[in-house]
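# Observations on the model geometry
Each chain, written out:
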Amino acid sequence: MSIFVRMTQTLGRQRLLSHRFYCIAASGSKEHIEGLVKKDPIVVFMKGVPEKPMCGFSNAVVQILRMHGVDKYASYNVLEDEDLRQGIKDFSNWPTIPQVYMNSEFVGGCDILIQMHQEGELIEELKKLGIRSVLLDADNNKE
């Protein structure tokens, strides 16, 4: 679904109506969300922001990424946009937030990211993105 926005210009006291229309994808639309998940290698839809998560599950995802030394990723605060919040759930067919995407693919939520971390799968997924987990360096220092 698209929203059409009519642009107006003001010149002195005259208001001229521009006949140009711009098509803007709604924040919860499939097209908009598809663009967001394709824009960056790692994308997190969360409650709050990485500096201040607003729920324990979002905080856990942020902490896991930090543990691996991942600090560059796109994050979107679904609490600021109800359309985005519902749209991402529809897009992924996953009912909860946070949601993590890597290489434009839906990885899962908090529980799945924790499981991937515990089983070493997250290190492998990060490698596919060209990201070396700092936990590998920590393991090498123990030896």
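All of these numbers come straight from a predicted model, not from anything done at the bench.

Cut-off values and rules
Residues numbered from 1 in each chain as written. Predicted model: local features only at pLDDT ≥ 70, side-chain atom pairs only at ≥ 80, totals over all residues. Heavy atoms only, no water. Axes fitted to C-alpha atoms, helices over the stretch in contact; angles between N-to-C directions. Helix = DSSP H or I, 4+ residues; strand = E, 2+ residues; numbered from the N terminus. Parallel < 35°, antiparallel > 145°, perpendicular 65-115°, else oblique. Left-handed = near helix turned anticlockwise from the far one by under 90°. Contact = heavy atoms within 4.5 Å. Nonpolar A, V, L, I, M, F, W, Y, C, P; charged D, E, K, R; others polar. pLDDT = per-residue confidence, 0-100. Pairing = 2+ DSSP bridges. Buried < 20%, exposed > 50% of the residue type's maximum accessible area, 1.4 Å probe, protein only. Polar contact = N/O pair within 3.5 Å; in protein donor to acceptor, adjacent residues only side chain to side chain.

Running from N to C, helix α2 (residues 56–67) and helix α4 (residues 110–119) point in directions that differ by 25°, and their axes come no closer than 9 Å. For the element pair α2 / α4, the angle class is roughly parallel. Crossing geometry of α2 relative to α4 is assigned as left-handed. Together, Phe57, Ala60, Val61, Ile64 and Met67 of α2 and Cys110, Leu113, Ile114 and His117 of α4 make up the contact between the two elements. Broken down by class, the residue content of the contact of α2 with α4 amounts to eight nonpolar, one polar and no charged.

All right, on to the confidence of the model for the chain then. Overall, the prediction assigns the chain a mean pLDDT of 85, with 79% of residues at 70 or greater. Throughout residues 1–23 the model reports pLDDT below 50, and contacts reaching past four residues in sequence, or to other chains, amount to 32 contacts.

Once that is clear, we can look at the sheet that holds strand β7 (residues 99–102). The sheet built from four strands is open, its strands ordered β6-β3-β7-β8 with mixed pairing. One side of each edge strand has no neighbouring strand; the edge strands of this open sheet are β6 (74–77) and β8 (105–108). If you compare each strand with its neighbour and ignore which way they point, the axes differ by 25° on average. In this fold helix α1 (residues 30–39) packs onto β3 (42–46), β6 and β7, with an angle of close to 130° to the strand it touches most, β3. Taken strand by strand, α4 contacts β7 and β8, and its axis lies near 80° from that of β8.

Mapped onto the elements of the fold, Ser133 is located in the loop between α5 (121–128) and α6 (134–142). You can call Ser133 buried: its relative accessible area is 1%. Among the polar contacts listed, one links the side chain of Ser133 to the backbone nitrogen of Leu135, at a separation of 3.1 Å. Among residues more than four places away in sequence, those in contact with Ser133 are His68, Ile123 and Leu126.

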